[in-house]
Amino acid sequence: MSESINHPGIVERVDGHFISVRITQYSACAECHAKSACSVADRKDKVMVIEDHTGTTYHEGDSVLIIGQSSQGMQAVLLAFGIPVILLLATLLVGASSEIPETENGLMALCVLAVYYLILYKFRDKLKKHFVFKLKKI
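Within every chain, residues take consecutive numbers counted from 1 along the sequence as written. Totals for whole chains, interfaces and linings use every residue, but because this is a predicted model, local features are given only for residues with pLDDT of at least 70 and side-chain atom pairs only at 80 or more, for both listing and counting. The basis for the side-chain values is all heavy atoms of the structure; hydrogens and waters are excluded.

**Quick word on the pattern of salt bridges**
We apply this condition: Salt bridges are defined as contacts in which a side-chain nitrogen from Lys or Arg sits within 4 Å of a carboxyl oxygen from Asp or Glu. Secondary structure elements follow DSSP: runs of H or I of four or more residues count as helices, runs of E of two or more count as strands, with numbering from the N terminus. Relative accessibility thresholds used throughout: buried, under 20% of the residue-type maximum; exposed, over 50%; partly exposed, between the two (1.4 Å probe, protein chains only).
Per the counting criterion, the structure on display carries 2 salt bridges. Note that Glu12 and Arg22 form a salt bridge whose closest N and O atoms lie 2.7 Å from each other. Taken together, the residues span a long stretch of sequence, with Glu12 in strand S1 (residues 4-15) and Arg22 in strand S2 (residues 18-26) at a distance of 10 residues. On the basis of relative accessible area, Glu12 is assigned to the partly exposed category, the value being 36%. For Asp62, the salt bridge is made with Lys137, and the minimal N-O distance between the two is 3.7 Å. Placement of Asp62 in the loop between strand S3 (43-51) and strand S4 (63-69) and of Lys137 in strand S5 (residues 134-137) is noted, with a sequence separation of 75 residues between them.

Following this line, the structure appears as structure tokens:
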């Protein structure tokens, strides 16, 4: 059984099967004892819209737990960071071996990244179906 990632949140809005949940995202050092002396400590509120067909009734203000599989987190990191780094390095190496000027090589690598992220954007609906989160009342 794979491990899950749990994140607490508050229901902001219920629209049929779509529940908007506000979560607070902390930086890695937000819990550090020296955070008052550091400008890196940060937190942000984000709203996630989660589709729920379990039949559970949610109301605004309910405390919930958002549950996702850790394997999905790894896949998301791979799609967002791993593959782009590989594409960037591969493009730069091919350009360097072809003796393309550095400026053009860098621009070509950025264009490859732009195309990659456009492709991800184009398939966002398919990715939403793959990366599924579940809700659980606290």
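**Section: the nonpolar core**
Condition: Take the buried residues of types Ala, Val, Leu, Ile, Met, Phe, Trp, Tyr and Cys, join any two whose side-chain atoms come within 4.5 Å, and each joined set is a nonpolar core. The contact criterion used is simple: two residues touch if any of their non-hydrogen atoms lie within 4.5 Å.
In this structure, Val11, Ile19, Val21, Ile23, Ile50, Tyr58, Val64, Ile66 and Leu135 together form the largest nonpolar core, which totals 9 residues. Elements with a minimum of two residues in this core: S2 and S4. Top contributing element to this core by residue count: S2, with 3 residues. Once residues within four sequence positions are removed from consideration, Val64 is found in contact with His7, Pro8, Gly9, Val11, Val21, Tyr58, Leu135, Lys136, Lys137 and Ile138.

**Quick notes on the packing of helix H1 (residues 70-97) against helix H2 (residues 102-122)**
For the record, the criterion: Helix axes use the C-alpha atoms of the stretch in contact, all axes being lines fitted to C-alpha atoms, and the angles between their N-to-C directions lie in the range 0 to 180 degrees. Note on angle classes: values under 35 degrees are labelled roughly parallel, values over 145 roughly antiparallel, values of 65 to 115 roughly perpendicular, and the remainder oblique. Each helix crossing is assigned a hand: it is left-handed if the near helix lies turned anticlockwise from the far helix by less than a right angle, otherwise right-handed if that turn is clockwise. Polar here means any residue other than Ala, Val, Leu, Ile, Met, Phe, Trp, Tyr, Cys and Pro, which are nonpolar, and Asp, Glu, Lys and Arg, which are charged; Gly is therefore polar.
At their nearest, the axes of H1 and H2 sit 9 Å apart, and the two run at 150° to each other. Judged by the angle between their axes, H1 and H2 are roughly antiparallel. Between H1 and H2 lies a crossing of right-handed hand. Packed against H1, whose contacting residues are Leu79, Ala80, Ile83, Pro84, Leu87, Leu88, Thr91, Leu92, Gly95 and Ala96, the element H2 presents Asn105, Gly106, Met108, Ala109, Val112, Leu113, Tyr116, Tyr117 and Leu120 at the interface. When its residues are assigned to classes, the contact of H1 with H2 shows 15 nonpolar, 4 polar and no charged.

**Some details on the side chain of Gln72**
Condition: Polar contacts, as counted here, are pairs of nitrogen or oxygen atoms within 3.5 Å of one another; within protein the pair requires one atom able to donate a hydrogen and one able to accept it, and residues that are adjacent in sequence qualify only if both atoms are side-chain atoms.
Structurally, Gln72 can be placed in helix H1. The exposure class of Gln72 is buried, given its relative accessible area of 14%. For Gln72, the side chain forms a polar contact with the main-chain oxygen of His130, separated by 3.2 Å. Beyond its immediate stretch of four places on either side in the chain, Gln72 contacts His130, Phe131 and Val132.

**What to know about the environment of Leu65**
Within the fold, Leu65 resides in strand S4. Its relative accessible area of 21% is what places Leu65 among the partly exposed residues. Once the C-alpha coordinates of Leu65 and Ile23 are considered, the two residues, 42 residues apart in sequence, prove to be 9.6 Å apart. Setting aside anything within four residues of it in sequence, one finds Leu65 in contact with Asn6, His7, Pro8, Lys134, Leu135, Lys136 and Ile138.

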